[in-house]
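Chains, contacts and geometry: an overview
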Amino acid sequence: MTLTQPVGAEEVVRSGTPATPPHRPPSPGRRTHLTRPLPALLLLGLLAVGWQLMAATSGSALIPGLPEIARELAAITTGGELWENTRVTLTRVGLGFAVAFVVSVAAGIAMGRNEWLRRFLEPAVLIGLATPGLVKALLCVIWFGVSLLNPILTVALAAAPALTINVAQGVRAVDPALGEMAHVYRFDALTRLRHVWIPAIVPDLFTGARLGIAMAWKVIVLVEIFGLADGVGYQLNLEFSQHNVAGVLAWTIAFALVMAVIEYGLVQTLERRATQWRRVAVR
């Protein structure tokens, strides 16, 4: 009497015939990756349907329908105005945010590490948070006119407070043992910044960066409306002066799409890579 064994690795070796691999269902991670955009697309679809219904029922020229907005969007895209003005606005935002990032990281770490500096700088940060972006934009237009310093400084003033306070809170929440370790091994200031503080405050840094970028978008449009002759804000003001509501909405949608690409394509990608070591450590 012989016992029949299941076909496995030993059977494959003896017979020389490869065993048929079992069918494997798609991995949950892949399904999640494919279905992740669905909620956002559903929301956008509902908003588009709701807007079109409102435009159809109101019959007002102030609420244009989706086809009219789409024609305006296609016109500014094919005509080249969208790309040129978006490039100008993004350049101003990028330069201003770079200044804010450097200043905010230095000030935030100092505030988180030193109680006297925290009390000294905290009122300025709170004033910066409380001051409306419109006031910052108007003052910079009055003081600096149409120079490049105007939008850069306005963006930096708008983005720095939120970024600074998030960095400071992140530093205060860091385990004190990390600071003691850096002191024992006599790390210099640059080594501490690169290998201790920046990795420890990455989540707070990205939270502050998102808030800072959101404020930067708002004030750069105001600056371009009031005191500059190009950029997305200038185009919005131009369409408004011509009473072209569809054009205003087309530029707004285009600007929102650019912001979405930056958030989902750049910021979230950098955040995943910057926090990858945390996920590996948890495993």
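Everything numeric in this text was worked out from a predicted model, so none of it was measured. (Residues numbered from 1 in each chain as written. Predicted model: local features only at pLDDT ≥ 70, side-chain atom pairs only at ≥ 80, totals over all residues. Heavy atoms only, no water.)

1. Quick notes on the overall build of the protein chain
Worth spelling out the cut-off: Per the convention used, a helix needs a DSSP run of H or I reaching at least four residues, while a strand needs a run of E reaching at least two, with both numbered from the N terminus. Here the term buried applies to any residue with accessible area under 20% of the maximum for its type, exposed to any over 50%, and partly exposed to those in between, with areas from a 1.4 Å probe on protein chains only. For this analysis, residues touch if any pair of their heavy atoms sits within 4.5 Å. Using the Shrake-Rupley algorithm and a 1.4 Å probe, accessible areas are obtained, with residue cover drawn only from the displayed protein chains.
In terms of regular secondary structure, the protein chain is built from 14 helices and 0 strands. Its helices and strands taken in sequence order, the protein chain reads α-α-α-α-α-α-α-α-α-α-α-α-α-α from the N to the C terminus. The proportion of buried residues among the 283 residues of the protein chain is 30%. Look at the contacts in the protein chain between residues 6 or more apart in sequence, and 71% of them connect residues 24 or more apart. Counting only carbon and sulfur atoms, one obtains 68% of the accessible surface of the protein chain, whose full area is about 18,100 Å².

2. Here we look at the layout of surface pockets
To be explicit about the condition: The rule is simple: put a 1 Å grid over the protein atoms alone, call a set of points where a 1.4 Å probe fits but cannot get out a cavity, call an open set with protein on both sides within 12 Å along at least five of seven lines a pocket, and count a residue as lining if it has an atom within 4 Å of a point. Grid points are joined across faces, edges and corners, and a volume is the space filled by probe spheres set on the points.
By volume, the largest pocket amounts to about 880 Å³. Around the largest pocket, the lining comprises 22 residues; the ones closest to its centre are Ala40, Leu41, Leu44, Leu257 and Ala260. Elements with a contribution of two residues or more to the lining of the largest pocket: helix H3 (38–58), helix H4 (66–78) and helix H13 (245–274). Tallying contributions element by element places H13 first for the lining of the largest pocket, with 9 residues. The volume enclosed by the second largest pocket comes to roughly 360 Å³.

3. Points about the pattern of salt bridges
For clarity, the cut-off: The salt bridge criterion pairs a side-chain nitrogen of Lys or Arg with a carboxyl oxygen of Asp or Glu, the two atoms within 4 Å.
Enumeration according to the criterion identifies 8 salt bridges in this entry. Measuring nitrogen to oxygen at the nearest pair gives 2.5 Å for the salt bridge that ties Arg92 to Asp230. Of the two residues, Arg92 sits in helix H5 (residues 81–113) while Asp230 sits in the loop between helix H11 (202–227) and helix H12 (232–241), which places them 138 residues apart along the sequence. Asp230 sits in the partly exposed class, given a relative accessible area of 29%. One continuous salt-bridge network, built from bridges that share partners, spans Glu115, Arg118, Arg119 and Glu122.

4. Some thoughts on a nonpolar patch on the surface
Heads up, the rule is: Think of a patch as exposed residues, more than 30% relative accessible area, with no salt bridge, where like charges cluster within 9 Å and nonpolar side chains (Val, Leu, Ile, Met, Phe, Trp, Tyr) cluster within 5 Å.
A surface patch of nonpolar side chains, about 670 Å² in accessible area, is lined by Leu134, Val135, Leu138, Leu139, Ile142, Trp143 and Phe226. Broken down by element, the nonpolar patch gets its largest block of residues, 6 residues, from helix H7 (residues 133–144). Within the element layout of this structure, Leu134 appears in helix H7.

5. Remarks on the packing of aromatic side chains
Filter applied, for reference: The aromatic pairing rule takes the rings of Phe, Tyr and Trp, using the six-membered ring of Trp, and pairs them if the centres are within 6.5 Å, calling planes under 30 degrees apart stacked, those over 60 edge-to-face and the rest tilted.
One pass over the full model with this rule turns up 3 aromatic pairs. Between Trp116 and Phe120 the ring centres are 5.4 Å apart and the planes differ by 10°, which places this aromatic pair in the stacked class. Taken together, the residues span about one helical turn, with Trp116 and Phe120 both in helix H6 (residues 115–130) at a distance of 4 residues. The exposed category is assigned to Trp116, whose relative accessible area is 60%. Its relative accessible area of 54% is what places Phe120 among the exposed residues.

6. Structural notes on H4
Turn by turn, an α-helix covers 3.6 residues, leaving residues three or four places apart pointing in a common direction. Using the following cut-off: A helix is expected to span 1.5 Å for every residue after the first.
With 13 residues, H4 ought to run about 18 Å at 1.5 Å a step, and its terminal C-alpha atoms sit 18 Å apart, in line with that. Following H4 by one or two positions, Gly80 has its phi on the positive side, about 95°.

7. Some thoughts on unusual backbone geometry
The backbone of His243 shows a phi angle near 60°, a positive value even though the residue is not glycine. Inspection of the secondary structure assignment puts His243 in the loop between H12 and H13.

8. With respect to H13
Put simply, the rule reads: By definition, a residue's bend is the angle between the axes fitted to the seven residues ending there and the seven starting there.
If you check H13, its first and last C-alpha atoms are 42 Å apart, about what 30 residues at 1.5 Å a residue would give, namely 44 Å. Its maximal kink placed at Glu263, H13 deviates by approximately 30°. Among the residues of H13, those classed as buried are Ala246, Gly247, Ala250, Trp251, Ala254, Phe255, Val258 and Val267. The inward-facing, buried residues of H13 contact H4, H5, H11 and H12.

9. Observations concerning the side chain of Asn85
Threshold: Definition of a polar contact: a pair of N or O atoms within 3.5 Å, with one able to donate and the other able to accept a hydrogen when the atoms are protein atoms, and with sequence-neighbouring residues admitted only if both atoms are side-chain atoms.
Tracing the sequence through the fold places Asn85 in helix H5. Asn85 sits in the buried class, given a relative accessible area of 8%. A polar atom in the side chain of Asn85 sits 3.0 Å from the backbone nitrogen of Gly231.

So yeah, pure geometry; function would need other evidence.
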